[in-house]
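If you want the building blocks of each chain, they are given just below.
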Amino acid sequence: MDATKRTVFLGLGCLLTGCATSTGTVVEGSLQPRHFRFVTVIEQTAPGPGGWREACVHVPLRRDTGEVFMCPLGIGMPIQVTGSEPIPVELAQRIAANCANLAAQTVFSSTTPVTALGLACEEFRSTLTTALDAAVVGSRVRQQCHPATLPFKSKPGKP
């Protein structure tokens, strides 16, 4: 097995199990629903679509060289969309975590030891936006976090 494939398999294994390895580029642990601390920034004032929640997660991307890049994710999600009931916070957290982990698998499976971590973060953010919007129409992911959110900052090596 060549080094790139080994790095990909070890990185995915790390992502799925929450461990850290000493090869390639990895995300330190998998994201859990509790990491997405949603706060309501626009109240839902009437029945039907409306309201808005935000969460902030800083995801550490690490190389075996010791390089660490914190990838900030400002996640926004409507409280209710057309044709559905309001989304409970716990469900919003689960959706965000599932989408983030799937986006990480997609993006980081194609990174190489020379991929710039900042670019990998941007691609991760873009892929997560696509996944979240498919799950909850109108959701978005930005580089900046809403000022009302309390960022979850995982320390490298501690998911």
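Right above here is the structure, for reference.
Keep in mind that this is a model prediction, so the values were computed, not measured. (Residues numbered from 1 in each chain as written. Predicted model: local features only at pLDDT ≥ 70, side-chain atom pairs only at ≥ 80, totals over all residues. Heavy atoms only, no water.)

**Some thoughts on the environment of T129**
Then, number 1: Relative to the elements of secondary structure, T129 occurs in helix α3 (residues 117-135).
Then, number 2: For T129, a relative accessible area of 24% gives the class partly exposed.
Then, number 3: With sequence-adjacent residues up to four places away left out, T129 is seen in contact with R140 and V141. (Helix = DSSP H or I, 4+ residues; strand = E, 2+ residues; numbered from the N terminus. Buried < 20%, exposed > 50% of the residue type's maximum accessible area, 1.4 Å probe, protein only. Contact = heavy atoms within 4.5 Å.)

**Quick notes on the state of the cysteines**
Then, number 1: Counted under the stated rule, the structure contains two disulfides.
Then, number 2: One disulfide bridge connects C56 with C145, the sulfur atoms lying 2.0 Å from each other. Residues C56 and C145 are joined through a disulfide that is right-handed, its torsion about the S-S bond being 70°. You can see C56 sitting in strand β3 (residues 50-63) and its partner C145 sitting in the loop between β5 (140-142) and β6 (152-153), a full 89 residues away along the chain.
Then, number 3: A relative accessible area of 0% means that C56 is categorised as buried.
Then, number 4: Two residues, C71 and C121, share a disulfide whose sulfurs are 2.0 Å apart. (Disulfide = S-S within 2.5 Å.)

This is a description of form; function is not addressed.
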